[in-house]
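Chain residues, written in single-letter form:
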Amino acid sequence: MNTKTELVVIGAGPGGIQAAVTAAKFGVDVTLIDSSFVPGGQYYKQLPKEFLKDNKNHLHKKAEFLFTELKRSSVHVFMNSVAWGIFHNPKSGLWQVKLQCNNCSSQIEAPIIIIATGAYDRSIAFPGWNLPGVMTAGAAQTMIKNQGILPGKRALLSGSGPLQLAAAANLVDAGAEVIAVLECGSRLLRKGISHIPAVWGQWGRMHEGLGYAGTLVKAKVPYKLGWSVIKAMGNEKVEEVVIAKVDEIGKPIKGSIQTHDVDALIVGYGLTPSTEFFRLLNCEMKFSPSEGIYIPDRNEYFETSLPGIFAVGDCAGIGGAELAMVEAKITAKRIAWKLGHVSNDQSFKIESSEIRALKKEQRFAKMLGQVFTIPQGLFKLAEEDTIICRCEQVTLSEVNKAISYGAQSVTDIKTITRSGMGNCQGRTCGTILAQILAAELGKPVETSQFLNIRPPVHPLLIEQIEENAQPEVTG
Amino acid sequence: MKKSATYDVIIVGAGVVGCSIAYHLTKAGYHVALVEQKHVGTGASGANFGMVQSNDVEIKHSIPMVLTSYSRFDTLEDELEMSVEFRRTASLRLLSSESQWENSKERSVILPKAGIPYEYVPPERIPELEPEVDPRGLFGATYASYQGQVNPLLLMWAYLRKANQQGLDLLTYTEVTGFIIHNGAIKGVKTSKGDLVGGMVVLATAAWTRRLGKLIGYDWNIHTFRASAMVTEHFPGLKLRNIVTSADHIETEINGPDDAELTVMALTQTPEGNFLIAQADRPGEVLDSVISHIAPYAMSIMATQFFPVLRKARILRTWTAPTTYTEDGMPLIGFVNDVRGLILAASFRSAIVNSPIAGEIVTQLIDQGYCDIIDIKPFSPQRKMEQADAVYKVKTSQSSTEKNLD
């Protein structure tokens, strides 16, 4: 199938849905695609019926409203469809999104693409982090919410940021014993106080947070500030975790070490934007200190350096669902104007209310970024035989060997060790490698640069590529 | 980097040729900087199959260079004290018509005399050389039994690792933006991170050579095209003994007859069992690494035409890199007239196999002002090119383009 549309939105999370719905209201022909079965993304993961007892909360009212809007809109929705590449077709002058669905291959061409691919959990590498039973907070929530499976009976959470609380509350609700929630940021309160203005007006969020906190207090789950897991052990799967209090730079403090029996270790050291498509397209990238990675450079309408490629939400910098939706509205309006759906007398401009909303959400995002930073020392927990790249089974000692050869960037390490060459194209190990290299060379992490991404973004059978396009062949 | 560091030699371009030159010059005791716009192997060297091939040599003047350089691989890993996964392999090029064989006849006379095995095999002999190939419908094949292959990424790093130990300054993510020339002599280069002062400058810049030359008024006759390839996951469904290529090619239009992917089948298996599949070439003087929307498809149908079982192989990655050719099939290597101290070492037809000798030649030029390992006069950057080598001539009309991935 080969179709044309005016706008393709990749990712049906809060930002993607909002952008699609808003653009459609202006009369834009929109196609929304997402790899999961139901819209909502990571944030609005739709709960199975048995968990619907808490559907009265802030989050789900908002989500429900958005889903209803989507259903009522003219947006063409393709769920369970993986976008494996974005190409430029010079003949049509359009962007071409190649899709892989369950029983179909297709491509959609459009002059404008919005990338709204969100973010995923950030990992740190510690001994045993690749054991079965060690998983990210996002993976644990997917197991509980989408598959109805309990990740473990006796779990410990370690990481940074508010998503941990949500995951811990979900685990408690689902019947697991949660031994503790470890927050590695030790100066949380002190840093947080200066940000009180940013929290002002975030009542819905505070309500959401308090809800999770209430669940954890009721279950008597200790919340330990300035602690982190430093090692996981077990034969076939995780059986024991070693935790420690860490100092301001993230170094474990001697004498504080404890060992706990667990059957699940949930880790979530904040979020990493899914920047794969921007790197695949060679968009201009800039370093963002709060995420510690390169993100796409965008203008005031959230357009990247490539004309027609827009980016909204967490994929272009962690800001949360509310910020994603504000960005989406501004972007969608701009696109409707670009495509000629907003007539001249309705001359396009960003409303002052939108600017206020944007500023408010940016303040909140900045606050979260500053409060929940990961101390550098936690990037030094790996031991010589700790696997850094799980796809290609590359250890820290191999990474260090590459650095001793003279590697100066993550790509140099990749070419020597194969780290980042596997299925996931370095989604997990890319940021870890950057930190290890920077620490080893004593340079800022941005000098480590970033890994290239090439299509397909997800592995693909050759027969699927053959089905995908049937251009005219001569010769 | 200091504001204006001083070097004996500044090499531009950390591809396999630049890395080898850095190794040889630092070994000879020179104080050397190697400047690279991005990471090591940003261009064709990082996008390469690692074929250490002698059978596609330009046959008029290049045979001594390729033979000498190929022999260096016997001891290269020992010399560099690192494995680059070098292995001997054979190359089998499938012919579907007699006219394709006609094009290779001269080569089949000249190469064996020079010591490079190269022969025609009839269809009935193909299965004994490569059981997985169905010979029905083929006119035969050319077979080169004594070829080689390395991991091209490790080869660059094997040179660099030694060069770093020998005092090299490797400056990555540093783009050369201009040249410093006084009274007809090179004094250094301008870069995105400041000036570098050096008595000699070597351009090992392949596809970027022409663009850099234009900064100082030269128009070196190096053409570029974008070559694409892809790699599968470990695939147990096929075992190959040879590097298998096709003389057949297809042209797939991208944007009118002047902008097409010209695709041959080229297939090789890595020691880990992944398949490398190539090669879609898109003519045009464009230096980006963005793959076309056609190339993955074109490479897929060419590969499965010969090996249908590959339909079930999973593609991990596709990529594109700008690569070069010259009309006479020979590199540009030697001093540049009118700018004392400026040396070119660019557009080797097969950079991997020629990388050892490129390093030796440039070191001799810097050491003694001339090269006596082989005769490099035919490769002079100043030469007038005559189109001696039809296979690398890319015309813009359909069906006139002949490619040779032998």
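Residues numbered from 1 in each chain as written. Chains lettered and ligands numbered in written order. Predicted model: local features only at pLDDT ≥ 70, side-chain atom pairs only at ≥ 80, totals over all residues.

1. A closer look at the overall build of chain A
Line of reasoning, step 1. Across its full length, chain A holds 14 helices and 25 strands.
Line of reasoning, step 2. Put simply, chain A has 475 residues, and 52% of those count as buried. (Helix = DSSP H or I, 4+ residues; strand = E, 2+ residues; numbered from the N terminus. Buried ≥ 20, exposed ≤ 12 C-beta atoms within 10 Å, placed from the backbone.)

2. Focus on the overall build of chain B
Line of reasoning, step 1. The secondary structure content of chain B amounts to 9 helices and 17 strands.
Line of reasoning, step 2. On C-alpha atoms alone, chain B measures out to a radius of gyration of 21 Å, which is about the 22 Å that the 2.2 N^0.38 rule sets for 406 residues.
Line of reasoning, step 3. With the C-alpha coordinates of chain B rotated into their principal frame, the extents come out at 65 × 45 × 40 Å.
Line of reasoning, step 4. Buried positions account for 54% of the 406 residues belonging to chain B. (Rg over C-alpha atoms; globule rule 2.2 N^0.38 Å.)

3. Topic: the sheet that holds strand β17 (residues 264–269) of chain A
All names here are of chain A.
Line of reasoning, step 1. If you walk across this open sheet you meet the 5 strands as β10-β17-β11-β12-β13, and the pairing is parallel. Both edges of this open sheet fall to β10 (134–136) and β13 (223–225), since each of them pairs with a single strand only. Going across the sheet, the axis of each strand differs from the next one's by a mean of 20°, ignoring polarity.
Line of reasoning, step 2. As defined by bridge partners, β10 adjoins β17 across 3 bridges and the pair is classed as parallel. Of the residues in β17, the one forming a bridge with T136 is V267.
Line of reasoning, step 3. Strand contacts of helix α3 (residues 137–147): β10, β11 (154–160) and β17, with the helix running at about 90° to β10, the strand carrying the most contacts.
Line of reasoning, step 4. The strands that helix α4 (residues 163–173) touches are β11, β12 (177–183) and β17; relative to β12, the one it contacts most, it runs at about 175°. (Pairing = 2+ DSSP bridges. Axes fitted to C-alpha atoms, helices over the stretch in contact; angles between N-to-C directions. Contact = placed C-beta atoms within 7 Å.)

4. Examining the interface of chain B and chain A
Line of reasoning, step 1. Opposite the 45 residues of chain B that make contact, chain A presents 33 residues.
Line of reasoning, step 2. For the side of chain B that touches chain A, the secondary structure elements donating two or more residues are α6 (152–165), β12 (242–253), α8 (295–306) and β15 (314–325) of chain B.
Line of reasoning, step 3. Its residues assigned to classes, the side of chain B that touches chain A shows 20 nonpolar, 15 polar and 10 charged.
Line of reasoning, step 4. Bridging between strand β24 (residues 460–461) of chain A and β15 of chain B involves 2 bridges; their strand directions are antiparallel. What sits directly across from L460 of chain A, in β15 of chain B, is I315 of chain B. (Nonpolar A, V, L, I, M, F, W, Y, C, P; charged D, E, K, R; others polar.)

5. Regarding the domain arrangement of chain A
Residues and elements named next belong to chain A.
Line of reasoning, step 1. Its domain assignment divides chain A into domain 1 (2–120 + 272–350), domain 2 (123–269) and domain 3 (382–448).
Line of reasoning, step 2. Between the C-alpha centres of domain 1 and domain 3 there is a distance of 31 Å.
Line of reasoning, step 3. Listed per partner, the contact involves 5 residues of domain 1 and 4 residues of domain 3.
Line of reasoning, step 4. Class assignment of the residues belonging to the side of domain 1 that touches domain 3 gives a composition of 3 nonpolar, 2 polar and no charged. (Domains from an automatic or database assignment.)

6. Observations regarding the sheet that holds strand β2 (residues 7–10) of chain A
Residue and element names in this part refer to chain A.
Line of reasoning, step 1. The 5 strands lie next to each other as β4-β3-β2-β8-β21, forming an open sheet whose pairing is parallel. Every interior strand has two partners, whereas the edge strands, β4 (76–78) and β21 (309–311), have only one. Strand-to-strand, the axes of this sheet are offset by a mean angle of 20°, without reference to chain direction.
Line of reasoning, step 2. The pairing of strand β8 (residues 112–115) with β21 spans 3 bridges and is parallel. Within β21, the residue paired with I113 across the bridge is I309.
Line of reasoning, step 3. Running at roughly 165° to strand β3 (residues 30–33), helix α1 (residues 14–25) makes contact with β2, β3 and β8 of the sheet.

7. Comments concerning the nonpolar core
Line of reasoning, step 1. If you look at the biggest cluster of nonpolar residues, it comprises 259 residues, and the most contacted ones within it are I113, L265 and I388 of chain A together with I11, A22, V202 and A345 of chain B.
Line of reasoning, step 2. With 10 residues, helix α9 (residues 320–338) of chain A is the largest single contributor of residues to this core.
Line of reasoning, step 3. Sequence-distant contacts of I388 of chain A, that is, excluding residues within four places in its chain, are made with A125, A382, V394, T395, L396, V399, S419, C429, I432 and L433 of chain A. (Core = buried A, V, L, I, M, F, W, Y, C linked by C-beta atoms within 7 Å.)

8. Details of the environment of L323 of chain A
All names here are of chain A.
Line of reasoning, step 1. Along the chain, the position of L323 falls in helix α9.
Line of reasoning, step 2. Taking the C-beta count within 10 Å as the criterion, L323 has 24 such neighbours and is therefore assigned buried.
Line of reasoning, step 3. Expressed as a C-alpha distance, the spacing of L323 and G340, which sit 17 residues apart in the sequence, is 26 Å.

9. Examining the confidence of the model for chain A
Line of reasoning, step 1. Put simply, chain A has an average pLDDT of 88, and 88% of its residues get 70 or more.
Line of reasoning, step 2. A low-confidence stretch, residues 471–475 of chain A (pLDDT under 50), is modelled with 14 contacts involving residues beyond four sequence positions or located in other chains. (pLDDT = per-residue confidence, 0-100.)

10. With respect to helix α13 (residues 429–441) of chain A
All names here are of chain A.
Line of reasoning, step 1. Taking 1.5 Å per residue as the helical rise, α13 with its 13 residues ought to reach 18 Å, and the 18 Å between its terminal C-alpha atoms agrees with that figure.
Line of reasoning, step 2. Along α13, the positions that sit buried rather than exposed are C429, G430, T431, I432, L433, A434, Q435, I436 and L437.
Line of reasoning, step 3. Here the buried face of α13 lies against β18 (271–273), β20 (293–296), β22 (387–389), α11 (396–405) and α12 (410–417). (Expected span 1.5 Å × (residues − 1).)

11. What about the domain arrangement of chain B?
Residue and element names in this part refer to chain B.
Line of reasoning, step 1. The assigned domain composition of chain B is domain 1 (4–78 + 152–222 + 328–390) and domain 2 (89–146 + 223–326).
Line of reasoning, step 2. Using C-alpha coordinates to define each centre, domain 1 is positioned 28 Å away from domain 2.
Line of reasoning, step 3. Per-class residue counts for the side of domain 1 that touches domain 2 are 13 nonpolar, 8 polar and 1 charged.

12. Quick look at unusual backbone geometry
All names here are of chain A.
Line of reasoning, step 1. Here P455 and P456 are connected by a cis peptide whose omega angle stands at -5°.
Line of reasoning, step 2. Structurally, P456 can be placed in the loop between α13 and β24.
Line of reasoning, step 3. Positive phi values are uncommon outside glycine, yet K220 reaches one of about 55°.
Line of reasoning, step 4. Residue class for K220 comes out exposed when judged on the 8 C-beta atoms lying within 10 Å of it.
Line of reasoning, step 5. Of note, Q449 is a non-glycine position whose phi angle comes to about 60°, a positive value.

13. A word on the pairing of β20 of chain A
Along a regular strand, successive side chains alternate from one face of the sheet to the other.
Residue and element names in this part refer to chain A.
Line of reasoning, step 1. Side chains I293 and I295 of β20 all project onto a buried face; the interleaved residues Y294 and P296 project onto the opposite face, where all are buried too.
Line of reasoning, step 2. Relative to β20, strand β19 (residues 285–288) is paired through 4 bridges, and the arrangement is antiparallel. Looking at β20, one finds that K286 is bridged to I295.
Line of reasoning, step 3. Here β19 hands over to β20 after 4 residues, with G292 in that stretch at a positive phi of 75°.

14. Comments concerning the packing of helix α2 (residues 63–72) of chain B against helix α9 (residues 351–368) of chain B
All names here are of chain B.
Line of reasoning, step 1. Packing of α2 against α9 leaves a shortest axis separation of 8 Å and a crossing angle of 90°. Considered as vectors, α2 and α9 are oriented roughly perpendicular to each other. Contacts between α2 and α9 involve M65, V66, T68, S69, Y70 and R72 on the former and, on the latter, V353, N354, P356 and I357.
Line of reasoning, step 2. Across the contact of α2 with α9, the residue classes tally to 6 nonpolar, 3 polar and 1 charged. (Parallel < 35°, antiparallel > 145°, perpendicular 65-115°, else oblique.)

15. Thoughts on the confidence of the model for chain B
Line of reasoning, step 1. Looking at chain B, the pLDDT average stands at 92 and 94% of residues meet or exceed 70.
Line of reasoning, step 2. Scored as a complex, the prediction yields pTM 0.93 and ipTM 0.93.

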